[in-house]
Structure formats: structure tokens, C-alpha cells
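Working through the structure, step by step
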Amino acid sequence: MFEVAEEFAWRRRKAIKSTGYVSHTKRNIRGQIVPGGVSFTSAYSQNVDFYMLFKQWCHIFPPQIAMLHPFVPLELASLGLYDSFRLGSFNASLRPDIPEVAWAMFYGPDFCPRIDVERLLAAGFFVEQMGEGILVRVTESIEDVENDFPMFLRRRAELKCLFPVGFFLNKE
């Protein structure tokens, strides 16, 4: 075991423009393990299978919580610049909150016992078991967020109703 003080970050200026960083797992001053993370923000392109990339990263770096979501201008207008959902920060590493449902969400073992997979499947949502976690999609295609945002919002609201009260930070 060793300590790494430096995070790895990148910025791509050519197509497809993107930024990202990797933070390493570490111990805080109380001796608690603070999970590492991978953050990736990119311009959207139909030429990239972002869902497959997301699944592969969830397989390689099994997360406690992760999201894949294309933000459309209408949604960005309703979120603050430093909104936890917009940033994908989940408010805290040690005890994350889930502020909203992204198009695809990976829920790790800390969240799985509270999720009724059969109920989600019966309601027509897309659910996959991955290792010790569950991957849930609101719709079949990520392009639904941009192509039919009202339908995506309706399905997202339906999905949230299938989770236990208090599961999400946003109580609407």
C-alpha cells in the first residue's frame, strides 16, 4: 500500500472534446477509506457508444455509485452551476447522496439491498446485474434524453416512484 498525492487529469481539445480525472482511494485523517473516482465529461457524439464505455468502466472500477447522463439545455437551465447532480459528485464520498436519476445509474452493494429489481423490471425498466451492483437505465437509448426529453422526464419520475422513500435526495 502507498499514498499517491497526485490525481491524473486530462483534457482533449479535438473531437470529441472531453475532460476527466482519476482520484485515487486514500485514507483521511480519521483513518477512514475515502473511495477514489473517475470523472469524465464530454461533448456528445453518436459515434461513441457511451453506454458501453460506462459499462466497461463500471466493470473495471466497481463503483459505489455512478451515473451516465447527457445534459440537455433545458435541464441545465434548471440546475445550478455547482449542482451535485450536474457535477456527478453525489455530495460526499463516504456517505453519498443520490440527488436525481441519470439516464443510466450504477448502484453498488451499499444501495442494492434497498432496490426491488423485480419491480423495476416489471415496470419496463432496463436492469442488469453487474458484479455486486445493479445497472439501471431509464430508457433503452441514451438518445431518448435529447430526442424526447418530456418522455424521459416522465419515465424518470415513474422510476423514482419504484424506489423506497428517502432513497433520493431530491424529494419531488
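Predicted model, so just to flag it, every value in this text is computed and none were measured.

The rules behind the values
Residues numbered from 1 in each chain as written. Predicted model: local features only at pLDDT ≥ 70, side-chain atom pairs only at ≥ 80, totals over all residues. Heavy atoms only, no water. Helix = DSSP H or I, 4+ residues; strand = E, 2+ residues; numbered from the N terminus. Contact = heavy atoms within 4.5 Å. Areas by Shrake-Rupley, 256 points an atom, 1.4 Å probe, with all protein chains shown as cover. Buried < 20%, exposed > 50% of the residue type's maximum accessible area, 1.4 Å probe, protein only. Pairing = 2+ DSSP bridges. Axes fitted to C-alpha atoms, helices over the stretch in contact; angles between N-to-C directions.

1. Structural notes on the overall build of the chain
- Regarding its fold elements, the chain presents six helices and nine strands.
- By principal-axis analysis of the C-alpha atoms, the chain measures approximately 45 × 40 × 30 Å.
- In the chain, of all internal contacts separated by at least 6 residues, the share reaching a separation of at least 24 is 53%.
- Roughly 10,900 Å² of accessible area belongs to the chain as shown, and the carbon and sulfur atoms make up 55% of that amount.

2. Details of the environment of Val 101
- On the secondary structure map, Val 101 appears in the loop between helix H3 (84-87) and strand S7 (104-107).
- Judged by relative accessible area, Val 101 falls into the buried class, the value being 1%.
- Distance in space between the C-alpha atoms of Val 101 and Ala 15 is 28 Å, their sequence separation being 86 residues.

3. Considering the sheet that holds strand S5 (residues 37-42)
- The sheet built from three strands is open, its strands ordered S1-S2-S5 with antiparallel pairing. Two strands lie at the open edges of the sheet, namely strand S1 (8-12) and S5, each paired on one side alone. Within this sheet the neighbouring strands show an average axis-to-axis angle of 5°, counted without direction.
- Here S1 runs beside strand S2 (residues 18-23); their pairing, made up of five bridges, is antiparallel. In the sheet register, Arg 12 faces S2, and the bridge partner there is Ser 18.

4. Section: the sheet that holds strand S9 (residues 133-137)
- Pairing in this open sheet of four strands is antiparallel, and the strands run S6-S7-S9-S8 from one edge to the other. Two strands bound the open sheet, and with one partner strand each, they are strand S6 (65-68) and strand S8 (126-130). When the angles between neighbouring strand axes are averaged without regard to direction, this sheet yields 15°.
- Of the strand pairs in this sheet, S7 and S9 are connected by four bridges, and their pairing is antiparallel. Counterpart to Ala 104 in the pairing with S9 is Arg 137.
- Packing against the sheet, helix H1 (residues 50-60) makes contact with S6, S7, S8 and S9, and its axis sits at approximately 170° to S6.

None of the figures reported here should be taken as evidence of function without further support.
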